[in-house]
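An overview of the molecular structure
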Amino acid sequence: MNRLLEIFRNKYFLSAAAFAVWMLFFDKNDMLSQYEYRTEVHKLQEEKDFYEKQTAQVKKDLNELNTNLNTAEKFAREKYFMKKDNEDVFVIIKASPKD
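Each chain has its residues counted from 1, running along the sequence as written. Selection of residues for local features in this predicted model requires a pLDDT of at least 70, selection of side-chain atom pairs for listing and counting requires 80 or more, and totals for whole chains, interfaces and linings are taken over all residues. Excluded from the side-chain calculation are hydrogens and water; included are all heavy atoms of the structure.

Regarding the UniProt feature "transmembrane region" (unreviewed entry) in the protein
Convention followed: UniProt positions are given in the numbering used here, feature names are shortened, and annotations may be inferred rather than shown by experiment. Helix and strand labels come from DSSP, where a helix needs a run of H or I of at least four residues and a strand needs a run of E of at least two; each type is numbered from the N terminus.
When the UniProt feature table is mapped onto this chain numbering, "transmembrane region" (unreviewed entry) sits at residues 12-28. Each end of residues 12-28 is marked by a C-alpha atom, and these two atoms are 24 Å apart; helix forms 88% of the span and strand 0%.

In structure tokens form, the structure reads like this:
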């Protein structure tokens, strides 16, 4: 017990403990801030991945539209519900199952 009290009264131990407490809780870059930064980075990385996938899909669609007229017609029919003069278009929406 005496040995433990001597360690806690040591000026080097006290200064190191004060420094550690300051860096963990009171500094501009404390642990809470670091956690928030990591969370934000993770969220932004997920958004970046989503938008990269969307961009790749749009580039693929654009390439198909520029190279093939039949693809342009199919795209117009599916995405914008366009039709020929002598056709009728029926849109079927599947309802989600209710519990």
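Next comes the rest of the description.
Some thoughts on the packing of aromatic side chains
Aromatic ring pairs are defined here through the distance separating the ring centres and the angle between the ring planes. Short version of the rule: Between rings of Phe, Tyr and Trp, where Trp is taken as its six-membered ring, a pair exists when centres lie within 6.5 Å; planes separated by under 30 degrees are stacked, by over 60 edge-to-face, and by other angles tilted. Buried, partly exposed and exposed residues are distinguished by accessible area as a fraction of the type maximum, computed with a 1.4 Å probe on protein chains only: under 20%, between the cut-offs, and over 50%, respectively.
Inspection of every chain in the model, using the stated rule, returns two aromatic pairs. With a centroid separation of 5.6 Å and an interplanar angle of 40°, the aromatic rings of Trp 22 and Phe 26 are classed as tilted. Of the two residues, Trp 22 and Phe 26 both sit in helix 2 (residues 11-26), four residues apart, roughly one turn of that helix. Relative accessible area serves as the criterion here: at 55%, Phe 26 is assigned to the exposed category.

Notes on the side chain of Asp 30
Selection rule: Positive charge is attributed to Lys and Arg, negative charge to Asp and Glu, and no charge count is given to His or to the chain ends. Criterion for a salt bridge: a side-chain nitrogen of Lys or Arg within 4 Å of a carboxyl oxygen of Asp or Glu. Polar contact is the term for a pair of N or O atoms within 3.5 Å; when the atoms are in protein, one must be able to donate a hydrogen and the other to accept it, and sequence-neighboring residues count only if both atoms are side-chain atoms. Only heavy atoms matter for contacts: two residues are in contact if any of them lie within 4.5 Å across the pair.
Structurally, the position occupied by Asp 30 is in the loop between helix 2 and helix 3 (31-67). Buried charged residue Asp 30 carries no salt bridge. Nearest counter-charge: Lys 28, at 11 Å. Side chain to side chain, Asp 30 and Ser 33 meet in a polar contact 2.7 Å long. Residues in contact with Asp 30, not counting those within four places in the same chain, are Met 23, Leu 24 and Phe 25.

Description of the UniProt feature "coiled-coil region" (unreviewed entry) in the protein
Annotation from UniProt places "coiled-coil region" (unreviewed entry) at residues 41-68. With 96% helix and 0% strand, the stretch residues 41-68 has end C-alpha atoms that lie 41 Å from each other.

Digging into the packing of helix 1 (residues 2-9) against helix 2
What counts is decided by this rule: For helices, the fitted axis covers only the stretch in contact; all axes are lines through C-alpha atoms, and the angles between them, taken along N-to-C directions, range from 0 to 180 degrees. Gly is placed with the polar residues, together with every amino acid not listed as nonpolar (Ala, Val, Leu, Ile, Met, Phe, Trp, Tyr, Cys and Pro) or charged (Asp, Glu, Lys and Arg).
Taken N-terminus to C-terminus, the directions of helix 1 and helix 2 make an angle of 60°; their axes are 5 Å apart at the nearest point. Between helix 1 and helix 2, the residues in contact are Ile 7, Phe 8 and Arg 9 and Lys 11, Phe 13 and Leu 14, respectively. Broken down by class, the residue content of the contact of helix 1 with helix 2 amounts to four nonpolar, no polar and two charged.

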